[in-house]
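Residue strings, one per chain:
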Amino acid sequence: MSKLDDTLMMLKDLTDAKGIAGNEREPRQVMEKYISPYADKIEYDNLGSLIAEKVGDANGPKIMVAGHLDEVGFMISKIDDRGFLSFQTVGGWWSQVMLAQRVSIVTRKGETITGVIGSKPPHILTPEARKKAADVKDMFIDIGASSKEEAMEWGVLPGDMVVPYFEFSVMNNEKLLLAKAWDNRIGCAIAIDVLKGLKDELHPNIVYGVGNVQEEVGLRGAKTSTVKVKPDIGFAVDVGIAGDTPGITAKESTSKMGAGPQIVLYDASMVSHKGLRNFVVDTAEENSIPYQFETIPGGGTDAGSMHISLNGVPSLSIGIATRYIHSHAGILHRDDYENTVKLIIEVIKKIDSETVNKLIFD
Ligand SMILES: [Zn+2]
């Protein structure tokens, strides 16, 4: 791999960090390291969501730009007498992408133990079994321990988190980046870069770059962080579906990597706020920033929690079209990430109190 530039180093640090829902310390520390040079103040909610504040106009509206710190993974539920680990999925998994994948178990001491999700070789499967997807409840993690005692001597305990293992890679087309946990460290990166981009800019509002906890188990951290921030406008930035691989029909998704930020019109957690959505689309047009529309009837984002907090917060979810989300490795396009940062910065430069009052009833 050629030398990584500063942005790629940050993306590598963010995606390498290990943190499932309820275990976000490592990604939170990485996000804090990168966002604090551009923030006036760093705070947390009591569940661990990170809130970085940057004041443009102390009397202006509050704009919250939130990614989420947690990634999909597993939690150890039991260690059997032979040293194999039973686990609970944390976040939405499809069994077929799990078998024979390498994982890291993080012990209470913070040490990492390598494991693999066990599978039977085809040689001993019946013809019927070969045709079927394996059931998650029959799966286990093999860390190479010979007994329960040995696994525990290594520091492994029920409750420990298990995260996918994958090496951050820049692909042959250098715009394409392959990594674990794009969902949703890319949202955290966008929040960081938005504050960075506003460093020497005048903006008529207060901006909050937020890393929420526990999104993958039901948009939970966004509830507590939104109450803490009390925003007037909310953006959730998260991965979206890329529909540009073989087998995905236009009906399922027409989104393409590299075609711009996805403006999410509708998902299972929210109808996008029309006034805010129109404002963002107009801003993209004025600045010649590409964008695409997306609907995700089978998923939600933190905007789903943000918009129904407090007295209601006009919110929009903006997506980065990503291939193979909720598996060990996803691919996204660097231009989409950079255009999303650009779009949100242009929006923030324009949003003052008057704009907020107008768009609420648009
Ligand atoms: Zn997700």
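Residues numbered from 1 in each chain as written. Predicted model: local features only at pLDDT ≥ 70, side-chain atom pairs only at ≥ 80, totals over all residues. Heavy atoms only, no water.

With an unreviewed UniProt entry as reference, the protein is termed Putative aminopeptidase FrvX, source organism Psychrobacillus insolitus.

Draft legend 1. The coordination of the zinc ion, seen in detail. For the zinc ion, the full set of protein donor atoms is Asp-183 (OD), Glu-216 (OE), Glu-216 (OE) and His-326 (NE2), and the range of their distances to it is 1.8 to 2.6 Å. Coordination geometry of the zinc ion: the 4 donor atoms subtend angles of 53 to 138 degrees at the metal centre, consistent with an arrangement described as irregular. The sequence pattern formed by the donor residues of the zinc ion is D-x32-E-x109-H. Of this pair, Asp-183 sits in helix α5 (residues 182-197) while Glu-216 sits in the loop between β12 (206-212) and α6 (221-229), and the two are 33 residues apart along the sequence. (Donors = N, O, S within 2.8 Å, 3.2 Å for Na, K, Ca; no water. Tetrahedral: all angles 85-135°; square planar, octahedral: opposite > 155°, others 65-115°. Helix = DSSP H or I, 4+ residues; strand = E, 2+ residues; numbered from the N terminus.)

Draft legend 2. View of the environment of Lys-196. Assignment of secondary structure puts Lys-196 in helix α5. Here the alpha-carbon distance between Lys-196 and Ala-39, two residues 157 residues apart in the chain, equals 8.5 Å.

Draft legend 3. Region of the structure containing the UniProt feature "binding site: Zn(2+) 2" (unreviewed entry) in the protein. Per the UniProt annotation, the sites labelled "binding site: Zn(2+) 2" (unreviewed entry) are Asp-183, Glu-216 and His-326. These annotated residues cover 144 residues of sequence, and their C-alpha atoms all fall within 9.9 Å of one another, placing them together at a single site. Judged by relative accessible area, Asp-183 falls into the buried class, the value being 10%. Setting aside residues up to four positions removed in sequence, Asp-183 forms contacts with His-68, Asp-70, Glu-71, Glu-216, Asp-238, Val-239 and His-326. A distance of 3.0 Å separates a polar atom in the side chain of Asp-183 from a polar atom in the side chain of His-68. Its location among the elements puts His-326 in the loop between β17 (315-322) and β18 (330-333). Since its relative accessible area comes to 23%, His-326 is described here as partly exposed. Within the local environment of His-326, its side chain forms a polar contact with the backbone oxygen of Gly-92, the two atoms lying 2.7 Å apart. (UniProt positions renumbered as here; feature names shortened; annotations may be inferred. Buried < 20%, exposed > 50% of the residue type's maximum accessible area, 1.4 Å probe, protein only. Contact = heavy atoms within 4.5 Å. Polar contact = N/O pair within 3.5 Å; in protein donor to acceptor, adjacent residues only side chain to side chain.)

Draft legend 4. Here's a closer look at the side chain of Ser-305. Residue position: Ser-305 is located in helix α8 (residues 303-306). You can call Ser-305 buried: its relative accessible area is 5%. Setting aside residues no more than four positions away along its own chain, Ser-305 makes contact with Leu-219, Ala-222 and Lys-223.

Draft legend 5. Structural detail: the domain arrangement of the protein. Domain assignment breaks the protein into domain 1 (6-71 + 180-360) and domain 2 (77-164). Taking only C-alpha atoms, the centre of domain 1 and the centre of domain 2 are 32 Å apart. Contacts between the two partners involve 12 residues from domain 1, matched on the other side by 15 residues from domain 2. Taken over both partners, the interface formed by domain 1 and domain 2 buries close to 1200 Å², and the fraction arising from carbon and sulfur atoms is 69%. For the pair domain 1 and domain 2, the interface holds 0 salt bridges. Across the domain 1-domain 2 interface, the total number found is 2 residue pairs in polar contact (both at pLDDT 80 or more). (Domains from an automatic or database assignment. Buried area = accessible area lost by both parts, 1.4 Å probe. Salt bridge = Lys/Arg side-chain N within 4 Å of Asp/Glu carboxyl O.)

Draft legend 6. Representation of the side chain of Glu-53 in the model. Residue placement: Glu-53 occurs in strand β2 (residues 50-55). Glu-53 gets classed as buried once you look at its relative accessible area, which sits at 14%. Among the polar contacts made by the side chain of Glu-53, one reaches the side chain of Tyr-208 at a distance of 2.9 Å.

Draft legend 7. Expanded view of α5. Helix length check: α5, at 16 residues, gives a terminal C-alpha distance of 21 Å against a target of 22 Å (1.5 Å per residue), a fit within 8%. By the criterion of burial, α5 is predominantly enclosed, with 14 of the 16 residues buried. (Expected span 1.5 Å × (residues − 1).)

Draft legend 8. Focus on the UniProt feature "active site" (unreviewed entry) in the protein. Listed under "active site" (unreviewed entry) in the UniProt record, and renumbered for this structure, are Glu-215. Of note, Glu-215 is situated in the loop between β12 and α6. Ignoring sequence-local partners within four residues, the contact set of Glu-215 consists of His-68, Asp-70, Arg-220, Asp-238, Gly-300, Thr-301 and Asp-302.

Draft legend 9. Inspection of the sheet that holds strand β11 (residues 176-179) at higher detail. A sheet is described by the order of its strands in space; here 3 strands give the open sequence β10-β11-β18, paired in antiparallel fashion. Two strands in the sheet have a free side with no partner beyond their single neighbour: β10 (169-170) and β18. Bridge count between β11 and β18: 4 bridges; the pairing is antiparallel. If you follow Leu-177 over to β18, its bridge partner there is Leu-332. Contacts from α5 reach β11 and β18 within the one sheet, and its direction differs from that of β18 by about 30 degrees. Contacting β11 and β18, helix α9 (residues 334-350) crosses the sheet at an angle of about 55 degrees to β18. (Pairing = 2+ DSSP bridges. Axes fitted to C-alpha atoms, helices over the stretch in contact; angles between N-to-C directions.)

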